[in-house]
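Chain and residue survey
Each chain is listed here by its residues.
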Amino acid sequence: MAKILFNHVYKRYGKFEELAVNDFNLEVEDQEFLVFVGSSGCGKSTTLRMLAGLEDISEGEIYIGDTLVNDVPPKDRDISMVFQNYALYPNMTVFENIAFGLRLRKMPKHEIELSVKRAARVLEIENYLHRKPRELSGGQRQRVALGRAIVRTPQAFLMDEPLSNLDAKLRVQMRTEIISLHKKIGSTIIYVTHDQVEAMTMGSRIVVMEKGVIQQLDTPENVYNKPANLFVANFIGNPPMNFMEGRLQETDGVLEFQTRRFALRIQEKEAHQLRNHHQLVGRTVIMGIRPEHISFEEIALQASEHSVVSGVLHMNEFIGSDRYYHMEIGTPKMVVARAHPRYHFDEGTQASFAIDMSKALFFHKDTEKLIND
């Protein structure tokens, strides 16, 4: 296994040299499970393909271990890649598919057999080695693709949206199996996905990308609780974070976030950060609050006299364990609150809710960067 280093890597396409990846700098630790996440077209798969040698690098350097691999052919980079469409050979059995790369390397026949059976045992597909891919379910074919990757010990495993063709229940199962596999083989894995749930549950660290640029590199917890900017705050979380625009105003030592319809008292710890940050008192900022930090509980309403807002229920989504209320707090401004299913308001109902201001995040209106970090 080895570290992987991207050093000022660029990827340009076409005669206009449109940037798909822009000044990408990243060090992946040995045996780390790192996830690239972002919307379609953000550059995450292109970055992975440059690492694999399937895309040329326009500028910069990529190292695998201590080796500069810019001009190294894909077959000599000592990596294994798992693709979205599995890329299995339909005319070969499961055994032959898994063994294919080992045969190309001219490994002895008995070693190939031992390696394939060992990988099949880990992935619980020993009983399918004689079958063809068309005789397997989607999840079984995905295991075969993983088996072909892990049958040897490359320096890194690259996985490009490997679960996107599976149904929701099977994706959950395969997520668990890939995490377990990582623990068993202790490998370096770089995993690309557009699914934020996969990113949050699988990665030891997450790279959030947009327009070919790293927006944030951090642990799942920090990406969720301390998003670096408005893009990350809006992209990570389902439902996404609520945003309100207002002005920071201070009266008699009390700092408030004020809109045309209401004012919210900012707690002293956050107030201290905001007072000392670029002289923002008196200026417009953007406040973010997640749906789970908005409460209809009576105890919260009574204890939060300076952070209560009223709104009109616009839509109610029941999802079993929770209800999501879409509340209109000012035309056309909406916020989404997560509540226990026991709360039930009819559409058009006026309701009050408390905002936990200790969880409020504030973003600079111009730079869109997090202020109270």
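Since the model is a prediction, treat every value here as computed from it, not as a measurement.

Next up on the list: the pairing of strand β4 (residues 59-64). As judged from the 5 bridges shared by strand β1 (residues 4-13) and β4, these two strands associate in the antiparallel manner. The partner of Tyr-10 across the bridge, within β4, is Glu-59. Where β4 meets strand β5 (residues 67-68), 2 bridges bridge the pair, whose relative direction is antiparallel. Across the sheet, Tyr-63 pairs through a bridge with Leu-68, a residue of β5. The loop that links β4 with its antiparallel partner β5 comprises 2 residues; one of these, Gly-65, has a positive phi angle of about 65 degrees.

What follows covers the layout of surface pockets. Estimated volume of the largest pocket: approximately 610 Å³. Lining the largest pocket are 21 residues, and of these Ile-79, Ser-80, Met-81, Arg-105 and Arg-152 sit closest to its centre. Within the residue set of the lining of the largest pocket, elements represented by two or more residues are β6 (79-82), α2 (94-104) and α4 (138-150). For the lining of the largest pocket, the element with the highest residue contribution is α2, accounting for 4 residues.

The strand order across the open sheet formed by 4 strands is β2-β1-β4-β5, and the pairing between neighbours is antiparallel. Because the sheet does not close on itself, it has two edges, and the strands there are β2 (18-28) and β5. Of the strands in this sheet, β1, β2 and β4 are in contact with helix α1 (residues 44-52), which crosses β1 at around 115 degrees.

To describe two helices that pack against each other, one gives the angle between their axes and the distance between the axes. Axis separation between α4 and helix α5 (residues 168-185) bottoms out at 11 Å; the angle between their running directions is 20 degrees. Our classification of the angle between α4 and α5 gives roughly parallel. Helix-helix and strand crossings are classified by hand; for α4 and α5 the assignment is right-handed. The residues of α5 that touch α4, namely those facing Gly-138, Gly-139, Gln-142, Arg-143, Leu-146 and Ile-150, are Leu-170, Gln-173, Met-174, Glu-177, Ile-178, Leu-181 and Ile-185. Residue composition of the contact of α4 with α5, grouped by class: 7 nonpolar, 4 polar and 2 charged.

On to the domain arrangement of the protein chain. Looking at the protein chain, the domain boundaries give domain 1 (4-235) and domain 2 (242-364). Computed over C-alpha atoms only, the centres of domain 1 and domain 2 are separated by 40 Å. Of the residues lining the interface, 8 residues belong to domain 1; the matching set on domain 2 comes to 6 residues. If you sort the residues of domain 1 by the area they bury against domain 2, Tyr-224, Leu-230 and Ala-233 come out on top, with a joint share of 67%. Linking domain 1 with domain 2 are 0 salt bridges, by the criterion used here. Taken together, domain 1 and domain 2 are joined by 2 residue pairs in polar contact (both at pLDDT 80 or more). Among the secondary structure elements, those contributing two or more residues to the side of domain 1 that touches domain 2 are α7 (220-225) and α8 (230-235). Sorting elements by how many residues they give to the side of domain 1 that touches domain 2 places α8 first, with 3 residues. For the side of domain 1 that touches domain 2, the residue count by class is 4 nonpolar, 3 polar and 1 charged.

Conventions adopted
- Residues numbered from 1 in each chain as written.
- Predicted model: local features only at pLDDT ≥ 70, side-chain atom pairs only at ≥ 80, totals over all residues.
- Heavy atoms only, no water.
- Pairing = 2+ DSSP bridges.
- Helix = DSSP H or I, 4+ residues; strand = E, 2+ residues; numbered from the N terminus.
- 1 Å grid on protein atoms, 1.4 Å probe; cavity = no way out; pocket = protein on both sides within 12 Å on 5 of 7 lines; lining within 4 Å.
- Points joined across faces, edges and corners; volume = space filled by probe spheres on them.
- Contact = heavy atoms within 4.5 Å.
- Axes fitted to C-alpha atoms, helices over the stretch in contact; angles between N-to-C directions.
- Parallel < 35°, antiparallel > 145°, perpendicular 65-115°, else oblique.
- Left-handed = near helix turned anticlockwise from the far one by under 90°.
- Nonpolar A, V, L, I, M, F, W, Y, C, P; charged D, E, K, R; others polar.
- Domains from an automatic or database assignment.
- Buried area = accessible area lost by both parts, 1.4 Å probe.
- Salt bridge = Lys/Arg side-chain N within 4 Å of Asp/Glu carboxyl O.
- Polar contact = N/O pair within 3.5 Å; in protein donor to acceptor, adjacent residues only side chain to side chain.

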